[in-house]
Amino acid sequence: MKFIVYDIEATCWEGRPPATVQETIEIGAYQVDAYGRVGPSFSRLIKPVLHPQLSHFCRRLTNIDQADINRAKDFPRVIRDFQQWIGVDRGEPYTLAAWGKFDEQQLRKDCALHRLDDYWLDHSINLKQQYRELRKLPKKRGLASAVRHEGFEWTGEQHRALDDAENTVKVFRKLLDVWRY
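Residues numbered from 1 in each chain as written. Predicted model: local features only at pLDDT ≥ 70, side-chain atom pairs only at ≥ 80, totals over all residues. Heavy atoms only, no water.

Draft legend 1. Molecular detail of a positive patch on the surface. Taken together, Arg44, Lys73, Arg77 and Arg80 make up a surface patch of like positive charges. Residue position: Lys73 is located in strand S4 (residues 73–74). For Lys73, a relative accessible area of 41% translates into the label partly exposed. (Patch = residues over 30% accessible without salt bridge, like charges linked within 9 Å, V, L, I, M, F, W, Y side chains within 5 Å. Areas by Shrake-Rupley, 256 points an atom, 1.4 Å probe, with all protein chains shown as cover. Salt bridge = Lys/Arg side-chain N within 4 Å of Asp/Glu carboxyl O. Lys, Arg positive; Asp, Glu negative; His and termini not counted. Charge placed at Lys NZ, Arg CZ, Asp CG, Glu CD. Helix = DSSP H or I, 4+ residues; strand = E, 2+ residues; numbered from the N terminus. Buried < 20%, exposed > 50% of the residue type's maximum accessible area, 1.4 Å probe, protein only.)

Printed below as a string of structure tokens:
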């Protein structure tokens, strides 16, 4: 069994205009084995098709340059690469683990938008919800807060997919034996 601890960033706007469809613009992930050993990483930008021009708010929040997005590959190609990196078609057992439900839901929406099958997302766990239950917290805790409360320092930039995934791995590894999957 391997775990794919991942994070995505998506198009965003200040105040979230009504009827605006978000699209994934970045995915970052690490492989973690059943013993907590961290393996290879995956990091790609994705060019959105509905709103290819990132909002000023989104560029400021994520620190992703428009020029880099313009050079990025589209969702179907990046997700195909991601699935190959995971080993989806090789039948290797894996569990996708993200901090919250947004990441899985957004990837499913992107798969629907691009008419791709989303079966590969069926083995997913919501670490944020489980963390709340495990630590008996009255409400869900954000990733940065969980990292601090578990005794770690944040590394990298917030709202960059690979950095967020790396920080999620810290909490994931500390509680490796108690996650439900």
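The rest of the description comes next.
Draft legend 2. The arrangement of the packing of aromatic side chains in detail. This structure, assessed with the given rule, holds 8 aromatic pairs. Between Phe42 and Trp85, the aromatic rings sit 5.5 Å apart at their centres with planes inclined by 45 degrees, giving tilted as the arrangement. Remark: Trp85 occurs in helix H3 (residues 75–86) and Phe42 occurs in strand S3 (residues 38–47); sequence separation between them is 43 residues. Trp85 carries the same exposure label as Phe42, and that label is buried. Relative to Trp85, the ring of Phe82 has its centre 5.8 Å away and its plane inclined at 15 degrees; by these criteria the two rings are stacked. Of the two residues, Phe82 and Trp85 are both situated in helix H3; the distance of 3 residues between them amounts to about one turn of the helix. (Phe/Tyr/Trp six-rings, centres within 6.5 Å; stacked < 30°, edge-to-face > 60°.)

Draft legend 3. Summary view of the state of the cysteines. Scanning the model with the defined rule gives 0 disulfides in all. Cysteine Cys12 shares no disulfide, and the gap to the nearest cysteine sulfur, in Cys58, comes to 3.1 Å. Classification of Cys58 by relative accessible area gives buried; the value is 0%. (Disulfide = S-S within 2.5 Å.)

Draft legend 4. Looking closely at helix H4 (residues 102–113). The first and last C-alpha atoms of H4 sit 16 Å apart over 12 residues, in line with the 16 Å expected at 1.5 Å per residue. Two residues or fewer past H4, Arg115 is found with a positive phi of approximately 55 degrees. (Expected span 1.5 Å × (residues − 1).)

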